[in-house]
Amino acid sequence: MSGTWLRIAGGAGVAAAAAALSYPWLFRRQCLTWGATPDEAARELPGDDLLASPDIIATRAITIDAPPAAVWPWLVQMGSGRGGVYTYDWIENLFGLGMHSADEIMPQFQDLKLGDEFPLGPGRPKMRVEVLEPGRALAFRFEDQNWVWAFALFPADGRTRIATPDASAFTRLFNLLVMEPGSLVMERKMLLGIKERAQRLAGGRSQPDLAAPART
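Everything numeric here is computed off the predicted structure, so don't read it as measured data.

*Asks:* Mind showing me how you'd approach the overall build of the protein here?
*Replies:* A tally of regular secondary structure across the protein gives five helices and seven strands. Looking at the protein as a whole, 46% of its 216 residues are labelled buried. Taking the intrachain contacts of the protein between residues at least 6 apart in sequence as the baseline, contacts between residues at least 24 apart amount to 65%. By element, 59% of the accessible surface of the protein is carried by carbon and sulfur atoms, the whole surface being about 11,400 Å².

Quick look at the structure:
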């Protein structure tokens, strides 16, 4: 039996370079479709038509043991100076986004309307509500129109599948090697944060993490 071996020796820089080079072929699909089935990744979602030719499309998913009515209040209050985004606040705030994730429903932020605008953070571009289907779909588009971030809820047997599509046109290489893996870290935490809050609100029991779609 014969074989071919490749050994890379060196410090952290070499390891980082090797990881970066292998990401597009070995890990990218898993990164962009965390938790989502192939059918979910291919499914058209509300808000997909807001950006015609995205550089990146990611679909990430999670199953929540609660009805959409227990999930929706957490979605509509998201944002800087509002309910936060339920992810790693300390990372968000390193970039001056002013995020403080709420652990309760905030009545003052529940009356979200189509066309509402609010900044991603102090001095940051505004997000505009472009799709608003209560209990089903919510999509934001940034004022530079290069990024769409959306959520879709799919009820199934008393549970909810939550989908988060987003789309951007940043530098391709930076997106590929930095933004894509980084967005998985942040969006996974966000989806888990929404899941925990919604199940607590509904009085549901926790269950193994499953899936939700996201597009970038």
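Alright, that's what it looks like, and here's the rest.
*Asks:* Honestly, the nonpolar core in this entry has me stumped. Any pointers?
*Replies:* In summary, soluble globular proteins display a tendency toward joint burial of nonpolar side chains. If you look at the biggest cluster of nonpolar residues, it comprises 33 residues, and the most contacted ones within it are L75, M78, F140, W149, F151 and I194. Counting only elements with at least two residues in this core, the list comes to β1 (61-64), α3 (68-76), β3 (126-133), β4 (137-142), β5 (148-156) and α5 (172-202). Of all hydrophobic cores here, the second largest spans seven residues; its members include L50, V131, A137 and V148.

*Asks:* Honestly, a nonpolar patch on the surface in this entry has me stumped. Any pointers?
*Replies:* Together, W90, L94 and F95 give the surface a local cluster of nonpolar side chains, amounting to about 420 Å² of exposed area. One can find F95 in the loop between α4 (89-94) and β2 (117-119). With a relative accessible area of 53%, F95 lands in the exposed category.

*Asks:* Teacher, can you tell me more about the side chain of S80 here?
*Replies:* Mapped onto the secondary structure, S80 falls in the loop between α3 and α4. Only 2.7 Å separates the side chain of S80 from the backbone oxygen of L97, close enough to count as a polar contact. Not counting residues within four places of it along the chain, the set of residues in contact with S80 comprises L97, G98, M99, P119, L120, G121 and P122.

How each quantity is defined
- Residues numbered from 1 in each chain as written.
- Predicted model: local features only at pLDDT ≥ 70, side-chain atom pairs only at ≥ 80, totals over all residues.
- Heavy atoms only, no water.
- Helix = DSSP H or I, 4+ residues; strand = E, 2+ residues; numbered from the N terminus.
- Buried < 20%, exposed > 50% of the residue type's maximum accessible area, 1.4 Å probe, protein only.
- Contact = heavy atoms within 4.5 Å.
- Areas by Shrake-Rupley, 256 points an atom, 1.4 Å probe, with all protein chains shown as cover.
- Core = buried A, V, L, I, M, F, W, Y, C linked by side-chain atoms within 4.5 Å.
- Patch = residues over 30% accessible without salt bridge, like charges linked within 9 Å, V, L, I, M, F, W, Y side chains within 5 Å.
- Salt bridge = Lys/Arg side-chain N within 4 Å of Asp/Glu carboxyl O.
- Polar contact = N/O pair within 3.5 Å; in protein donor to acceptor, adjacent residues only side chain to side chain.

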